[in-house]
Amino acid sequence: MAIKTLRIPSYPIDTQFVERWSPRAFTLDPIDEGTVLIILEAARWAPSSYNSQPWRFVYVHRDTDHWDSFLSFLNDFNRSWAVRAAAIVVVM
Ligand SMILES: Cc1cc2nc3c(=O)[nH]c(=O)nc-3n(C[C@H](O)[C@H](O)[C@H](O)COP(=O)(O)O)c2cc1C
């Protein structure tokens, strides 16, 4: 795998850190509601400033009513790859 040959840690850290990467290419496949909710459930356990939970998530699936509005929140570069994503989540 390319990542394994390009990324060589100087100290023995867990592979999850070395092999992580930021995807910007998407297949146009949809994501089902249950998977979105699992991802957001994991996300809501993230630490917050001053421990001021709860997190709020507002999301939209591609090709639904508010998709264009959510895309308009992004700058041109981010819109260029996010337009192929299955969903966009606004985190508050
Ligand atoms: C605080 C922060 C903000 C970022 N903002 C953007 C962004 O607006 N658009 C984007 O495409 N990537 C964004 N990234 C991703 C970085 O560009 C990406 O992590 C970097 O190119 C390294 O690639 P890698 O994550 O695949 O190792 C952001 C990363 C961080 C840490």
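Residues numbered from 1 in each chain as written. Predicted model: local features only at pLDDT ≥ 70, side-chain atom pairs only at ≥ 80, totals over all residues.

1. Some words on the overall build of the protein
Test applied: Strands here are runs of E lasting at least two residues and helices are runs of H or I lasting at least four, both read from the DSSP assignment and numbered beginning at the N terminus. Here the globule rule is a power law, 2.2 Å times the number of residues to the power 0.38, and the radius of gyration is based on C-alpha atoms. With C-beta atoms placed from the backbone, a residue is labelled by how many other C-beta atoms lie within 10 Å of its own: buried for 20 or more, exposed for 12 or fewer, partly exposed between the two.
In terms of helices and strands, the protein carries five helices and two strands. In the protein, the succession of helices and strands from N to C terminus is α-α-α-β-α-α-β. Computed over C-alpha atoms, the radius of gyration of the protein comes to 16 Å, more than 25% over the 12 Å expected from 2.2 N^0.38 for 92 residues, which places it beyond the range of a compact globule. Seen along its three principal axes, the alpha-carbon backbone of the protein occupies a region of about 45 × 35 × 25 Å. Here the protein holds 92 residues, and 3% of them are scored as buried.

2. Focus: the site of the ligand
We count it as follows: What makes a residue near a molecule or strand is its C-beta atom, placed from the backbone, lying within 6 Å of it. Only Asp, Glu, Lys and Arg are considered charged, only Ala, Val, Leu, Ile, Met, Phe, Trp, Tyr, Cys and Pro nonpolar, and every remaining residue, Gly among them, polar.
Lining the immediate environment of the ligand, one finds Trp 21, Ser 22, Arg 24 and Asn 78. Split into classes, the residues belonging to the shell around the ligand amount to one nonpolar, two polar and one charged.

3. Looking at the UniProt feature "domain: Nitroreductase" (unreviewed entry) in the protein
Applied cut-off: UniProt positions are given in the numbering used here, feature names are shortened, and annotations may be inferred rather than shown by experiment.
In the numbering adopted here, UniProt assigns the feature "domain: Nitroreductase" (unreviewed entry) to residues 19-64. Summarising residues 19-64: 24% helix, 11% strand, and an end-to-end C-alpha distance of 33 Å.

4. Section: unusual backbone geometry
In this structure, Pro 54 follows Gln 53 across a cis peptide bond, with omega equal to 5°. Position of Pro 54 among the secondary structure elements: in the loop between α3 (33-43) and β1 (57-61). Phi at Tyr 50 is positive, roughly 55°, even though this residue is not glycine. The backbone of Asn 51 sits at a positive phi, close to 55°, despite the residue not being glycine.

5. Section: the environment of Asp 29
By secondary structure assignment, the location of Asp 29 is in the loop between α2 (15-18) and α3. Accessibility expressed as a C-beta count within 10 Å gives 8 for Asp 29, which makes it exposed. In this structure the C-alpha to C-alpha distance between Asp 29 and Arg 62, which are 33 residues apart in sequence, comes to 9.6 Å.

6. Thoughts on the environment of Val 36
Just so we agree on the cut-off: Residues are treated as contacting if the C-beta atoms built from their backbones sit within 7 Å of each other.
Tracing the chain through its elements places Val 36 in helix α3. Between the C-alpha atom of Val 36 and that of Tyr 11, which follows or precedes it by 25 residues, the distance is 35 Å. Apart from the residues lying within four places of it in its own chain, the contact partners of Val 36 are Ile 31, Tyr 59 and Ala 87.

7. Side note on the environment of Glu 41
Note on placement: Glu 41 falls in helix α3. A sequence separation of 50 residues divides Glu 41 from Val 91, and the C-alpha atoms of the two residues are 13 Å apart.

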